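# Observations on the three-dimensional arrangement
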Amino acid sequence: TTKDLADMWVHESFTTYSEALFVQCRHGLQATDEYVIGQRRNIINRQPMIGPYGVNKEGDDIYDKGANMIHTIRQVINNDRLFKDILRGLNKDFYHQTVSTRQIENYISKKSKIDFSKVFDQYLRTVNIPTLVYKNTGNHIQYKWSNCVIGFTMPVRLKNNIWIYPSESFKTISTDKLGNSGFEVDKNFYILSKEI
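Residues numbered from 1 in each chain as written. Predicted model: local features only at pLDDT ≥ 70, side-chain atom pairs only at ≥ 80, totals over all residues. Heavy atoms only, no water.

This next bit is on the packing of helix α3 (residues 64-77) against helix α6 (residues 117-125). Two quantities define a packed helix pair, namely the angle between the axes and the distance from one axis to the other. It is the contact of α3 with α6, at a shortest axis distance of 10 Å, that shows an interaxial angle of 165°. Taken together, the axes of α3 and α6 lie roughly antiparallel to each other. Regarding α3 and α6, the two cross each other, and that crossing is right-handed. Within the contact between the two elements, α3 uses Lys65, Met69, Thr72 and Ile73 and α6 uses Val119, Phe120, Tyr123 and Leu124. (Axes fitted to C-alpha atoms, helices over the stretch in contact; angles between N-to-C directions. Helix = DSSP H or I, 4+ residues; strand = E, 2+ residues; numbered from the N terminus. Parallel < 35°, antiparallel > 145°, perpendicular 65-115°, else oblique. Left-handed = near helix turned anticlockwise from the far one by under 90°. Contact = heavy atoms within 4.5 Å.)

Time to look at the side chain of aspartate 61. Looking at the secondary structure, you find aspartate 61 in the loop between α2 (29-39) and α3. Looking at aspartate 61, its side chain comes within polar contact range of the main-chain nitrogen of asparagine 45, at 2.6 Å. Setting aside chain neighbours within four positions, we find aspartate 61 in contact with Asn42, Ile43, Ile44, Asn45, Arg46, Met49 and Gly66. (Polar contact = N/O pair within 3.5 Å; in protein donor to acceptor, adjacent residues only side chain to side chain.)

Moving on: α3. Between its terminal C-alpha atoms α3 stretches 20 Å, which fits the 20 Å expected from 14 residues at 1.5 Å a residue. Burial runs high along α3: 14 of the 14 residues are buried. Looking one or two residues beyond α3, the residue adopting positive phi is asparagine 78, at roughly 60°. (Expected span 1.5 Å × (residues − 1). Buried < 20%, exposed > 50% of the residue type's maximum accessible area, 1.4 Å probe, protein only.)

What follows covers the sheet that holds strand β1 (residues 131-136). Spatial strand order, β5-β2-β1-β6: four strands in an open sheet with mixed pairing. This sheet does not close on itself; its edge strands, each paired only once, are β5 (171-174) and β6 (192-195). Adjacent strand axes in the sheet meet at a mean angle of 25°, parallel and antiparallel pairs treated alike. Sheet topology places β1 next to strand β2 (residues 140-146); six bridges connect them, and they run antiparallel. Opposite tyrosine 134, over in β2, you have tyrosine 143 as the bridge partner. (Pairing = 2+ DSSP bridges.)

Grouped together as the largest cluster of nonpolar side chains are 51 residues, with contacts concentrated most on Trp9, Met69, Ile104, Met154, Phe183 and Ile191. Those elements that place two or more of their residues in this core are α1 (9-27), α3, α4 (80-93), α5 (101-112), α6, β1 and β2. Considering every element that reaches this core, the biggest residue donor is α3, with six residues. When neighbours within four sequence positions are excluded, phenylalanine 183 is seen to be in contact with Leu132, Tyr134, Ile141, Tyr143, Leu158, Ile164, Ile173 and Leu178. (Core = buried A, V, L, I, M, F, W, Y, C linked by side-chain atoms within 4.5 Å.)

The following block contains the structure:
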C-alpha cells in the first residue's frame, strides 16, 4: 500500500490496468489496446493524479488516466517480457510494504533502464496532455513536444513502426522515411498530435 492517500494512483492505476491485461489474456493485444484507448473518454484532467500530501486526499483521474499512463510506459519500454517482469517485480519486491510514488517511479526507471522521471512528472503532477506538434515543410516533417514539463523527451512510435525522439526543439524527418502511413502517431500513446 502507499504511505499517503495522495499516492492512491499506485493502487488504482495498476488495478485498472490489470483489467486490460485480463482482456489481453482472453481476447488478444488488439482488444487490449482498444480497451485502454476507450478509457480515455472518462479522463477529465481537472487536477493532477497525485493529491496533496498530509491531508488524507487522493488525486484525480487515478483509474483511467493512470491505466493510460502505464500503457504508454509499456509502449516506450517496447518489450512485453520486461514490462511484465516489472509488474511482477513490483509485487514481489514491495510485498507487505508501504511505498511512495517516488519509490515506484524509481523502480520502473531502474528496471527498464529508461529514465521515466519526466514522463511521471507529466502524467502524475500536471493535467496537461503532452502534445506532439508538427509541420510539413515539403520533403520533411518538423516535430517537437508542446504542453509539457521542461525536459520532456518521451520517444513515440508512428503508425508505420518508425520511432521518433521529440524534444522541446524541432527535429526533422524525411517524408521518404515515412512511407504510405505518413506522420501518424500510434494511438497506444496517451498524447495529442496537432499539425501546425
